[in-house]
Amino acid sequence: MTASELAEFNRLATPQAEQLLLAFCGSPKWAAELAALRPFAELEGLAVSAAEVWQAQPLAQKMAAFAAHPRIGERNAGTDTDTQRQVKEQSHVMASESQVLDEFDELNVAYFDRFGFTFIVCAAERQADEMLALLRACLQHSRDEEVARASIEQEKITLLRISKHFAADE
């Protein structure tokens with residue numbers, strides 16, 4: 001990322017900065033709080049602040065961020081730009097056999113019924129069978145354990161998206 005790209009982000013009007021940040025994490029409060037911390041001198045400072053602000057979010061904002069994700073392996077997840085980006089993030093899952101996708105469908109429903117939110121996992125560099133095993137294992141957790149685990153995964157996803165966004169024009 002160049003200094004001028006970060007400077008451009010720093011100069012955005014607050015609503016535009018918040019909108020950009022919402023593409024990285026679906027929590028409106030997180031986006032507003034992070035936008036209010038501008039200006040950032042470097043990408044590392046933005047990333048550190050993004051993580052700190054995320055970790056301080058209340059449960060309702062974590063649920064808002066989780067709700068912004070399509071289910072892993074979800075076919076026909078939607079057509080808006082953010083959803084398509086998220087589906088691309090899990091493209092290796094979508095290339096799986098129908099049987100694997102069917103199991104994701106079944107376990108995603110069971111997970112949502114048990115915990116009340118979408119299964120969250122940073123799909124980068126993970127294979128479908130690894131995520132499927134994790135989903136099975138997570139069904140044995142308590143809700144508090146799953147909120148904590150999903151929060152860590154959401155932070156990873158957010159930081160990866162920030163990094164990819166600002167590195168895209170290098």
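In this report, the structure presented in the accompanying data block is examined. (Residues numbered from 1 in each chain as written. Predicted model: local features only at pLDDT ≥ 70, side-chain atom pairs only at ≥ 80, totals over all residues. Heavy atoms only, no water.)

**Side note on the overall build of the protein**
At step 1: Counting its regular elements, the protein contains 10 helices and zero strands.
At step 2: Taken from N to C terminus, the helices and strands of the protein fall in the order α-α-α-α-α-α-α-α-α-α.
At step 3: Here the contacts in the protein between residues at least 6 apart in sequence split such that 69% fall between residues at least 24 apart.
At step 4: As presented, the protein carries roughly 8,800 Å² of accessible surface, and 53% of it is formed by carbon and sulfur atoms. (Helix = DSSP H or I, 4+ residues; strand = E, 2+ residues; numbered from the N terminus. Contact = heavy atoms within 4.5 Å. Areas by Shrake-Rupley, 256 points an atom, 1.4 Å probe, with all protein chains shown as cover.)

**Regarding the packing of aromatic side chains**
At step 1: Evaluation of the coordinates by the stated rule reveals eight aromatic pairs.
At step 2: The interplanar angle of 55° and the centroid separation of 6.5 Å between the aromatic rings of phenylalanine 24 and phenylalanine 166 together place this pair among those described as tilted. Of this pair, phenylalanine 24 sits in the loop between α2 (14–22) and α3 (28–36) while phenylalanine 166 sits in helix α10 (residues 143–167), placing them 142 residues apart in sequence. Taken individually, phenylalanine 24 and phenylalanine 166 each receive the classification buried, so the pair is uniform in this respect.
At step 3: Ring plane angle 85° and centroid distance 5.6 Å describe the contact between tyrosine 111 and phenylalanine 117, whose orientation is recorded as edge-to-face. Judged on exposure class, the residue tyrosine 111 and its partner phenylalanine 117 are both buried.
At step 4: Of note, arginine 38 hangs over the ring of phenylalanine 9, and the distance from its end group to the ring centre comes to 5.6 Å. (Phe/Tyr/Trp six-rings, centres within 6.5 Å; stacked < 30°, edge-to-face > 60°. Buried < 20%, exposed > 50% of the residue type's maximum accessible area, 1.4 Å probe, protein only. Lys NZ or Arg CZ within 6 Å of the ring centre and 35° of its normal.)

**Digging into the packing of helix α5 (residues 59–67) against α10**
At step 1: At a closest axis distance of 11 Å, the pairing of α5 and α10 adopts a crossing angle of 60°. On the basis of the axis angle, α5 is oblique to α10. Considering how the two elements wind past one another, α5 and α10 form a crossing that is left-handed. Taking contact as the criterion, the partners of Leu59, Lys62, Met63, Ala65 and Phe66 in α5 are, on α10, Arg143, Val147, Ala150, Ser151 and Gln154.
At step 2: In the contact of α5 with α10, the residues fall into six nonpolar, two polar and two charged. (Axes fitted to C-alpha atoms, helices over the stretch in contact; angles between N-to-C directions. Parallel < 35°, antiparallel > 145°, perpendicular 65-115°, else oblique. Left-handed = near helix turned anticlockwise from the far one by under 90°. Nonpolar A, V, L, I, M, F, W, Y, C, P; charged D, E, K, R; others polar.)

**A look at the pattern of salt bridges**
At step 1: Going through the model one piece at a time under the given rule, you end up with six salt bridges.
At step 2: Between arginine 149 and glutamate 146 there is a salt bridge, with the nearest N and O atoms lying 2.9 Å from each other. You can see arginine 149 and its partner glutamate 146 sitting in helix α10, three residues apart, about one turn around the helix.
At step 3: The buried category is assigned to glutamate 146, whose relative accessible area is 0%.
At step 4: Among the charged side chains, a network of salt bridges with common partners joins Arg126, Glu130, Glu153 and Lys156. (Salt bridge = Lys/Arg side-chain N within 4 Å of Asp/Glu carboxyl O.)

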